[in-house]
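Here is what each chain is made of, one letter per residue.
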Amino acid sequence: MAKALKSVDAPEIDTERFRLRRFIDRLIQAGEVDIHDEPVELGGIAAILDNNPKAVLIRKAGPEGAELVGNVIASRKRMAMALDVEPDQLRQEVSRRLATPQPVVEIDRADAPAQKIVLTGDDVDLTQFPIHLQHGMDGGPYISASLDYSVDEKSGWTNTGCRRLMLRNRRQTGIDLLAPSDLKAIYEASASQGKPLPVSFTVGAHPCDHMAGTMRVPMDELELLARLRGAPLPVVKSVTNDIRVPADAEIVIEGFLDARGHVETEGPYGEFLGYYGVMKNNPLFTVTAITMRGDALFQTSTIGGKTMAHTDTANLCSVRTEVTVWRALETAVREPIAVSASPANGGAFNVRVSMRQRVPGEAHNAIAAAMGCQANAKNVFVVDDDIDVFSDQQIDWALATRFQADRDLVVASGFRTLPLDPSLDGRRTGSKAGFDLTIPFGERPLEFTVPEAPEFGEKRLNSVRDSLAEGPKFFADLMSDLGSRDGREIALALDEIRDQGILDRDDDGRYFLSDT
Ligand SMILES: Cc1cc2nc3c(=O)[nH]c(=O)nc-3n(C[C@H](O)[C@H](O)[C@H](O)COP(=O)(O)O)c2cc1C
């Protein structure tokens, strides 16, 4: 049974604020949506979404002219908009929200927009939705923006995750439940007793709900959702099972995973590493009810392909990875500065960390922490705080100039990994690499000092000789002291002193008078 939830009158709760359509309206105003008013066949949707830097709104999808939105959070900017922050504050804001409890509030069915329309029995028909083929070799059309809700009998907590559903017929879908996950454990506990597992899916949800779906946090995950929204979460009990779901979702698909286990083929599917995942045996999901808003907006999520940076999945994974690695760094090293897991690599596999080292060796502690905290953090790059981890150019430069492979490479093997990684070539455990790109501890000789344009102060002195009489000076110091913005006359003045045989230079290249 679900944990007891606070019950209050519906009017206290705003069931429109976090609906997906409201967020899409904001994106439209911000010029972030590629809008298609013309009719689009279901088979043509994937090509419009592929590598599209914008969110996509198709107003007449398929013969029914259904409304469909995709790519909603396939950019860091849109993800940040969902949390009302600038992109460079995304990780910080998610961490802040995760630490701030928010209530979960159960509302009456009559007040739940997600149950405005209720379809049960013979009225249940998944093909009413614009479920489309996403990749050329997929095993069938998929519902890809589906977020599952189930109850863990042991704890009474609600669990949520993002899990795609492969359309089989009007009332049944496949589901991929092979990777280790809480839902897999909950399902297997139930199936081992011969019991089907009730699950309700939302389709069409606020980006914060998708973020919650990617995270594994030891708490009731409805509470996790509320925290990520930064607001009370209205939930409603499903019509045909006891699972509470967000009452402001666009669509809810209720049903159960039957107890027969991994017995039906599912896939292949264009996966979030950018390649196909092969066909597998997986459980079957049977729909018992569909509930939805009167003007429900169907959502699809982009997943695989060559341009991962423009997919919902990689952007979601980026945020999840950055938050998880940051948490691990906070305990492993004293001064972490920033973390980035670029969506171009799937948002998890190459992780960049910047830090201020306080004692020798901390960079290696950071590498170990990042490698250990998430199965798919595979290559970890650690830089000093002068490098921007979000800049490919700066990371490329640090790798080129601060790294010696025989000294700074950490290689470790035998880790739990993601079976989908095709480079594993069938191996069950994976190897990881750490790249220590920090400057050797405590050293900042000129060879590691970064050249910048000179800066000049106010004129203080009247001759190069007077300036050198104060002590060794760099060329720019001499220009500064004399108020020069040219420099050529300083070179000539130095040459005159050189001719007198009294000019010398120290090891850093500063000029000084050898007769003083
Ligand atoms: C868009 C998207 C789709 C996903 N689809 C699946 C899936 O079909 N099967 C799966 O096992 N994990 C999938 N994942 C990963 C899980 O959602 C993720 O591991 C989640 O944390 C699992 O939650 P749980 O451990 O609380 O059950 C997907 C992730 C994203 C971002």
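Being a predicted model, the structure only gives us computed values, none of them experimental. Per-chain numbering applies: the sequence of each chain, read as written, is numbered from 1 onward. Side-chain atom pairs in this predicted model are given and counted only at pLDDT of 80 or more, local residue features only at pLDDT of at least 70, and totals for whole chains, interfaces and linings cover all residues. Where side-chain values are given, they derive from all heavy atoms of the structure, hydrogens and water being excluded.

Draft legend 1. Layout of the sheet that holds strand 21 (residues 298–300). A sheet is described by the order of its strands in space; here four strands give the open sequence 2-3-4-21, paired in mixed fashion. Unpaired on one side and paired on the other, strand 2 (33–40) and strand 21 mark the two borders of the sheet. If you compare each strand with its neighbour and ignore which way they point, the axes differ by 20 degrees on average. Strand pairing follows a simple DSSP-based rule, namely that at least 2 bridges must link the two strands. To qualify as a helix, a DSSP run of H or I must reach at least 4 residues; to qualify as a strand, a run of E must reach at least 2; elements of each kind are numbered from the N terminus. Pairing analysis gives six bridges linking strand 2 to strand 3 (residues 55–61), with the strands arranged parallel. Counted as the bridge partner of Asp34 is Val56 from strand 3. Lines fitted to C-alpha atoms define the axes here, with helix axes fitted over just the stretch in contact, and angles between the N-to-C directions of these axes take values from 0 to 180 degrees.

Draft legend 2. How the structure looks around the nonpolar core. Formed by 51 residues in total, the largest nonpolar core has its most connected members in Leu27, Val72, Val94, Met211, Leu224 and Leu228. Here the element with the most residues in this core is helix 7 (residues 221–229); it accounts for five residues. When residues no more than four places from it in sequence are discounted, the contact partners of Met211 are Met79, Leu83, Val94, Leu228, Leu316 and Val319. Definition of nonpolar core: a set of buried residues of the types Ala, Val, Leu, Ile, Met, Phe, Trp, Tyr and Cys, connected through side-chain atoms within 4.5 Å. For every residue, the accessible area (1.4 Å probe, protein chains only) is compared with the maximum for its type, and the residue is labelled buried under 20%, exposed over 50%, or partly exposed between those bounds. One finds Ile48, Ile58, Ala61 and Tyr187 within the second-largest nonpolar core, a separate group that totals 34 residues. The contact criterion used throughout is that any non-hydrogen atoms of two residues lie within 4.5 Å.

Draft legend 3. Broad picture of the environment of Pro39. Within the fold, Pro39 resides in strand 2. On the accessibility criterion, Pro39 (64% relative accessible area) is exposed. Along the primary structure Pro39 and Ile251 are separated by 212 residues, whereas in three dimensions their C-alpha atoms are 22 Å apart.

Draft legend 4. Molecular detail of the environment of Thr286. Following the sequence through the fold, Thr286 ends up in strand 20 (residues 284–292). Along the primary structure Thr286 and Ile253 are separated by 33 residues, whereas in three dimensions their C-alpha atoms are 9.7 Å apart. Excluding its chain neighbours within four sequence positions, the residues that come into contact with Thr286 are Arg171, Gln172, Glu254, Gly255 and Phe256. Within 3.5 Å is the distance limit for a polar contact, defined as a pair of N or O atoms, with the added protein rule that one can donate a hydrogen and the other accept it, and that residues adjacent in sequence qualify only through two side-chain atoms. At a separation of 3.3 Å, a polar atom in the side chain of Thr286 contacts the side chain of Gln172.

Draft legend 5. Layout of the packing of helix 13 (residues 475–482) against helix 14 (residues 488–499). In the contact formed by helix 13 and helix 14, the axes pass within 10 Å of each other and the chain directions differ by 105 degrees. With respect to helix 14, the element helix 13 is oriented roughly perpendicular. In contact with Phe475, Leu478, Met479 and Leu482 of helix 13, helix 14 contributes Ile490, Ala491 and Leu494. Along the lines of polarity and charge, the residues of the contact of helix 13 with helix 14 split into seven nonpolar, no polar and no charged. Here the angle decides the label: under 35 degrees means roughly parallel, over 145 means roughly antiparallel, 65 to 115 means roughly perpendicular, and every other value means oblique. Classification convention: Asp, Glu, Lys, Arg as charged; Ala, Val, Leu, Ile, Met, Phe, Trp, Tyr, Cys, Pro as nonpolar; all other residues, Gly among them, as polar.

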